[in-house]
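Remarks on the overall topology
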Amino acid sequence: MTERTFSIIKPDATERNLTGAINAVIEASGLRIVAQRRIRMSRAQAEQFYGVHKERPFFGELVDFMTSGPVVVQVLEGDNAVAAYRDVMGATNPDNAADGTIRKLFARNVGENSVHGSDSAENAAIEIAQFFSADDIVG
Ligand code: ADP
Ligand code: MG
């Protein structure tokens, strides 16, 4: 089933000029980048985006990190895109990520882990709508 997921290339990756290298891994997996924009996230945007983690001890650190530099927000399309991209990203902590995954290849640590990907189709739709309008997405 063709579906869409939401991706962010995080500040630790844009800082190291890894946007193209990460996009190459995404495209090699068969996922298509159907929308993409480089932005600076505001604190309000980051707090809303990660609102589900508000009570976690790392929330403040996470918002500081996500607003510390440019990010690239993306919409990815493909067969079972939500689960497929979670596989391509690898585990949250790069120490636990499988070989060849984006996080194994590039992440610095559990916080600065290079990419975000939606965890469900419902959240993908909410996250995409936070950053893109329908006209921005060209499938
Ligand atoms: P994922 O991004 O794999 O879906 P979570 O939704 O659990 O992971 O966490 C969201 C983000 O919060 C992670 O990608 C990471 O940037 C950060 N994070 C998660 N756990 C920790 C932690 N223990 N310490 C610092 N940052 C964390
Ligand atoms: Mg998550």
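Everything here concerns the structure above.
Let me sum up the structure you'll find in this document. (Residues numbered from 1 in each chain as written. Chains lettered and ligands numbered in written order. Predicted model: local features only at pLDDT ≥ 70, side-chain atom pairs only at ≥ 80, totals over all residues. Heavy atoms only, no water.)

1. Things to note about the nonpolar core
Put simply, the test is: The set of buried Ala, Val, Leu, Ile, Met, Phe, Trp, Tyr and Cys residues whose side-chain atoms join them within 4.5 Å is what this entry labels a nonpolar core. Classification of residues uses two cut-offs on accessible area relative to the type maximum, computed with a 1.4 Å probe and protein chains only: under 20% is buried, over 50% is exposed, and between them is partly exposed. In DSSP terms, a helix is any run of H or I states spanning at least four residues, a strand is any run of E spanning at least two, and both are numbered starting from the N terminus. Note on definitions: a residue-residue contact is assigned when non-hydrogen atoms from the two residues lie within 4.5 Å.
Of all hydrophobic cores here, the largest spans 21 residues; its most connected members are Phe6, Ile8, Met41, Met66, Val73, Phe131 and Phe132. Contributions of two or more residues to this core are made by strand S1 (2-9), strand S2 (32-39), helix H3 (43-49), helix H4 (59-66), strand S3 (71-79) and helix H7 (121-131). The element that contributes the greatest number of residues to this core is H4, accounting for five residues. Beyond its immediate sequence surroundings of up to four residues, Val73 is in contact with Phe6, Ser7, Ile8, Ala35, Gln36, Arg37, Ile39, Phe131 and Phe132.

2. Section: the side chain of Asn23
We apply this condition: As used in this structure description, the phrase polar contact means that two N or O atoms lie within 3.5 Å; if the pair is within protein, one of them must be able to donate a hydrogen and the other to accept it, and residues adjacent in sequence are counted only when both atoms belong to side chains.
With respect to the secondary-structure elements, Asn23 resides in helix H2 (residues 19-28). Side-chain polar atoms of Asn23 contact the side chain of Gln36, separated by 3.0 Å. Aside from chain neighbours lying at most four places away, what touches Asn23 is Ile9, Ile33, Gln36 and Gln74.

3. Some remarks on the environment of Glu112
For Glu112, the location among the structural elements is in the loop between helix H6 (102-106) and strand S4 (115-117). The contact partners of Glu112, leaving out residues within four places of it in the chain, are Asp12, Phe65 and Ala107.

4. Brief notes about the packing of aromatic side chains
Two measures describe an aromatic ring pair: the distance that separates the ring centres and the angle between the ring planes. Using the following cut-off: Only Phe, Tyr and Trp rings are paired, with Trp represented by its six-membered ring, and only when their centres lie within 6.5 Å; those with planes under 30 degrees apart are stacked, over 60 edge-to-face, the remainder tilted.
On inspection of all chains with the given rule, the structure shows five aromatic pairs. Between Phe6 and Phe131, the aromatic rings sit 5.4 Å apart at their centres with planes inclined by 10°, giving stacked as the arrangement. Separated by 125 residues along the polypeptide, Phe6 in strand S1 and Phe131 in helix H7 bring together distant segments of the chain. There is no split in this pair, since Phe6 and Phe131 are both buried. Ring geometry for Phe49 versus Phe131: centroids 6.0 Å apart, planes at 65°, classification edge-to-face. Remark: Phe131 occurs in helix H7 and Phe49 occurs in helix H3; sequence separation between them is 82 residues. Residues Phe49 and Phe131 agree in their burial class; the two are buried.

5. Here's the deal with the pairing of S3
For the record, the criterion: When DSSP finds two or more bridges between a pair of strands, those strands are recorded as paired.
Most of S3 sits out of view: eight of its nine residues are buried. Pairing analysis gives eight bridges linking S1 to S3, with the strands arranged antiparallel. Each bridged residue has a counterpart across the sheet, and for Thr2 the counterpart in S3 is Asp79. Looking at chain direction, S2 and S3 are connected through seven bridges and run antiparallel. Note that in S3 the partner of Arg37 across the bridge is Val73.

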